[in-house]
Amino acid sequence: INMKKGVKKGLKITAIILGVILALLLLVAIFISPIAEYVIEKNSKEWIGRQITMDDLSINLFTGSLEAEALCMKEQDDKTDFVSIDTLKVAINPFKLLAKEVNIRYVTLNSPKVRLVQYDSTFNFTDLTKLGGDKEDDEDDKDKEPWAIGIYNIKLTGGTLSYRDEVRDSKWNLNNLHLEVPGVYFSGKTTDAGVSFQFAEGGSLSTKAKYDMDKGRYDVVVKLQGLDIDNLMPYIKESLNISSVSGKLAGDVHVNGSTQTPSDIDIEGSVIVSGFNANDLNNSKVASLSFLSVNVNKINPQKGVCDIASVTIDGLSSHFDMYKDHNNFSNLVKTSENKPEEKEAEPDTTKADSKPMVVSIKKIELKNSDFTFADNTLRMPFIYKLSNINAVSENFSPSAAENNLHLTMDTQGGGAAIVNWKGGLDGIRNQKLTIILKHVDLQQFSPYSMEYFAYPLEKGKLSIMSENIVRDYNLVG
């Protein structure tokens with residue numbers, strides 16, 4: 001009888017203890033969210049130097065999930081928003097911690113807004129990068145068994161990123177930022193990620209990337225559509241005296257390589273420029289083109305491979321204006337005096353094993369182009385326009401013994417010119433140049449006749465065929 005009473009009493013005590021523990025867990029589960037919200041908001045400034053605010057924080061200890069509403073991290077002035085998120089959801093598998101594995105089941109960010117500002121070599125987040133342990137802690141961690149880390153199902157929707165470069169007065173606004181990452185691994189698996197967003201000024205960018213952290217291998221696909229080249233103006237102005245540029249840039253590029261050998265990288269794809277126009281500081285056109293495309297089979301600096309399938313230029317228009325003391329291109333490139341000082345580059349040890357670059361272009365084509373030459377050194381300026389310029393070169397390589405070019409154009413005032421060339425670019429040892437002029441109007445050259453002979457050229461047509469062959473430096477004309 002006493003044993004039964006003892007058992008019953010023990011069970012009762014156990015039940016009471018379990019009930020108390022359960023009650024405590026329930027109390028912790030109930031009150032942990034407001035307590036954590038209060039502690040974070042009160043101490044975030046002291047912990048990370050930034051004020052963090054939120055409308056609501058919900059933590060579920062049983063499912064290992066966290067949800068924050070209207071989460072915001074301020075700038076150092078405690079007024080401006082640095083990062084704000086409408087909704088942040090994170091879930092972790094707590095049982096995996098027992099096996100020294102951080103397993104985050106999902107991360108969801110709805111409508112995040114990020115503000116980035118660059119001040120020369122520092123950013124508005126530089127102070128955050130300095131947070132963390134000291135060197136002694138890092139050395140102690142080397143002797144410890146590493147934790148396996150896996151972050152799965154990362155999703156970001158409706159994001160906005162604003163970037164401002166204070167030095168160059170450049171602004172970039174990215175809208176509708178979308179990110180999907182099935183998993184980021186730090187334990188031997190391959191990370192697979194996809195990012196897409198739209199530029200506020202027009203155009204879009206999407207990327208797909210795979211990265212193996214153990215092997216250091218990466219595979220990236222980038223697709224760019226309709227980017228306004230005017231966005232690059234602050235960077236172009238660093239090297240060129242240009243007042244304005246316009247046009248659209250698009251590309252589809254595939255890159256794969258290894259972080260262990262940076263120069264051993266394979267690049268393939270295409271780049272397209274359309275509607276390009278550039279004006280100098282006098283607002284005079286430097287060059288314009290309707291369409292430019294470059295299709296790359298493969299580029300690998302380490303292996304010395306530059307295999308380009310085609311280069312097509314359509315509607316190129318430019319001019320050269322010559323004066324007694326300068327020309328329209330003289331001041332186009334900024335001198336070193338106007339450029340900021342650059343640090344001397346450290347020697348690249350990877351170049352020692354690299355092969356010399358061999359460039360090959362299967363086809364180069366120039367279509368529907370024109371060029372104007374103006375000689376303003378004469379008393380009567382000479383202005384001459386070559387129009388309907390078309391040129392083709394196949395299997396071109398600067399290192400080849402023989403290249404080829406077929407060029408046709410219309411001359412001013414009627415007539416035409418044809419140029420055929422075969423030869424190498426390493427010298428004039430072996431060359432073949434054929435020039436054909438048909439019915440070229442000589443009256444157009446009257447400014448030179450007036451300058452040197454004081455008489456104009458009133459009329460006349462010129463037709464010439466000249467074939468010039470160089471064999472072992474011997475000219476046969």
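Remember, it's a predicted structure, so these values are computed and weren't measured experimentally. (Residues numbered from 1 in each chain as written. Predicted model: local features only at pLDDT ≥ 70, side-chain atom pairs only at ≥ 80, totals over all residues. Heavy atoms only, no water.)

Participant: Even after reading the chapter, I still don't get the overall build of the protein chain, so can you show me in this structure?
Facilitator: When helices and strands are tallied, the protein chain shows 5 helices and 24 strands. In the protein chain, buried positions account for 29% of the 477 residues. In the structure as shown, the protein chain presents an accessible area of about 30,000 Å², 58% of it carried by carbon and sulfur atoms. (Helix = DSSP H or I, 4+ residues; strand = E, 2+ residues; numbered from the N terminus. Buried < 20%, exposed > 50% of the residue type's maximum accessible area, 1.4 Å probe, protein only. Areas by Shrake-Rupley, 256 points an atom, 1.4 Å probe, with all protein chains shown as cover.)

Participant: Just checking my understanding: could you explain the environment of D228 for this structure?
Facilitator: Inspection of the secondary structure assignment puts D228 in strand β12 (residues 217-228). Expressed as a C-alpha distance, the spacing of D228 and L249, which sit 21 residues apart in the sequence, is 6.4 Å. If sequence neighbours within four positions are ignored, D228 has contacts with G202, G247 and K248. Within the local environment of D228, its side chain forms a polar contact with the backbone nitrogen of D230, the two atoms lying 3.1 Å apart. (Contact = heavy atoms within 4.5 Å. Polar contact = N/O pair within 3.5 Å; in protein donor to acceptor, adjacent residues only side chain to side chain.)

Participant: Got a minute to help me understand the nonpolar core in this structure?
Facilitator: In this structure, L71, L88 and F199 are the most contacted members of the largest nonpolar core, which totals 29 residues. At the level of elements, β2 (56-60), β3 (65-74), β4 (81-92), β5 (101-110), β8 (148-165), β9 (170-185), β10 (190-199) and β12 are the ones that each hand at least two residues to this core. It is β9 that contributes the most residues to this core, 6 residues altogether. One finds I229, A278, A287 and L332 within the second-largest nonpolar core, a separate group that totals 9 residues. (Core = buried A, V, L, I, M, F, W, Y, C linked by side-chain atoms within 4.5 Å.)

Participant: Mind showing me how you'd approach unusual backbone geometry here?
Facilitator: The bulk of non-glycine residues show a negative phi, and the bulk of peptide bonds are trans. For N153, which is not a glycine, the phi torsion comes out positive at approximately 50°. Following the sequence through the fold, N153 ends up in strand β8. Judged by its relative accessible area of 42%, N153 is partly exposed. Residues other than glycine seldom take positive phi values, yet A454 does so here, at roughly 65°.

Participant: How should the environment of Y452 be read in this particular structure?
Facilitator: Position of Y452 relative to the elements: it lies in helix α5 (residues 446-453). C-alpha of Y452 to C-alpha of L378: the two residues are 74 residues apart in sequence and 9.7 Å apart in space.

Participant: Even after reading the chapter, I still don't get the pairing of β8, so can you show me in this structure?
Facilitator: Looking along a regular strand, one sees the side chains alternate between the two faces of the sheet. Both β5 and β8 contribute to a ladder of 8 bridges, which runs parallel. Each bridged residue has a counterpart across the sheet, and for V107 the counterpart in β8 is I154. Strand direction decides the pairing type here: strand β6 (residues 113-119) and β8, joined by 6 bridges, are parallel. Bridge pairing in β8 links Q118 to D165. (Pairing = 2+ DSSP bridges.)

Participant: It is not clear to me how the pairing of strand β20 (residues 403-410) should be interpreted in this structure. Could you clarify?
Facilitator: Looking at chain direction, strand β19 (residues 382-396) and β20 are connected through 4 bridges and run antiparallel. Bridge pairing links V392 to H406 in β20. The antiparallel pairing of β19 with β20 creates a hairpin that spans 6 residues between the two strands. Taken together, the 8 bridges between β20 and strand β21 (residues 416-423) define a ladder with antiparallel strand orientation. The partner of N404 across the bridge, within β21, is K422. Linking β20 back to β21 in an antiparallel pair, the connection comprises 5 residues, with G413 at a positive phi of about 85°.

Participant: Looking at this model, I keep getting lost on the pattern of salt bridges. Mind explaining?
Facilitator: When their charged atoms lie close together, side chains carrying opposite charge are able to pair. Taken as a whole and judged by the stated rule, the model has 12 salt bridges. We note a salt bridge from R168 to D165, for which the minimum N-O separation is 2.6 Å. For R168, a relative accessible area of 28% puts it in the partly exposed group. Between E238 and R168 there is a salt bridge whose closest N-O contact spans 2.5 Å. Of this pair, E238 sits in the loop between α4 (233-236) and β13 (242-258) while R168 sits in the loop between β8 and β9, and the two are 70 residues apart along the sequence. According to the relative accessible area criterion, E238 is partly exposed, its value standing at 32%. (Salt bridge = Lys/Arg side-chain N within 4 Å of Asp/Glu carboxyl O.)

Participant: What should I look at first to understand the packing of aromatic side chains in this one?
Facilitator: What characterises a pair of aromatic rings is the spacing of the ring centres plus the angle enclosed by the ring planes. Throughout the structure, instances matching the rule amount to 8 aromatic pairs. Pairing F320 with F329 gives two aromatic rings, centres 6.1 Å apart and planes at 15°, and the pair type is stacked. Look at F320 and you get partly exposed, because its relative accessible area is 24%. Ring plane angle 5° and centroid distance 6.2 Å describe the contact between F320 and F373, whose orientation is recorded as stacked. Note that F320 is positioned in strand β17 (residues 317-322) and F373 in strand β18 (residues 358-375), a separation of 53 residues in sequence. (Phe/Tyr/Trp six-rings, centres within 6.5 Å; stacked < 30°, edge-to-face > 60°.)

Participant: Quick question: what am I supposed to make of α5 here?
Facilitator: Turning to α5, its buried residues number three or more, namely S446, P447 and S449. Mapping the buried residues of α5 onto a view down its axis gives an arc of 165°, with all of them on the same face. Considering only its buried residues, α5 is in contact with β19. Two residues or fewer past α5, A454 is found with a positive phi of approximately 65°. (Arc of directions from axis to C-beta.)

Participant: Looking at this model, I keep getting lost on the layout of surface pockets. Mind explaining?
Facilitator: The probe, sized like a water molecule, is rolled over the atoms to show the empty space still left. In this structure, the second largest pocket spans a volume of roughly 340 Å³. In terms of lining, the second largest pocket is formed by 14 residues, of which the most central are L71, M73, V83, I85 and L88. Within the residue set of the lining of the second largest pocket, elements represented by two or more residues are β3 and β4. The element best represented in the lining of the second largest pocket is β3, accounting for 5 residues. (1 Å grid on protein atoms, 1.4 Å probe; cavity = no way out; pocket = protein on both sides within 12 Å on 5 of 7 lines; lining within 4 Å. Points joined across faces, edges and corners; volume = space filled by probe spheres on them.)

Participant: What exactly am I supposed to notice about a nonpolar patch on the surface here?
Facilitator: Taken together, the side chains of F31, I35, Y38, V39 and W47 present a nonpolar region at the surface, about 540 Å² in accessible area. Considering the arrangement of structural elements, one finds V39 in helix α1 (residues 2-48). (Patch = residues over 30% accessible without salt bridge, like charges linked within 9 Å, V, L, I, M, F, W, Y side chains within 5 Å.)

Participant: Sorry, what's going on with the side chain of E75 here?
Facilitator: Its location among the elements puts E75 in the loop between β3 and β4. What makes E75 buried here is its relative accessible area of 8%.

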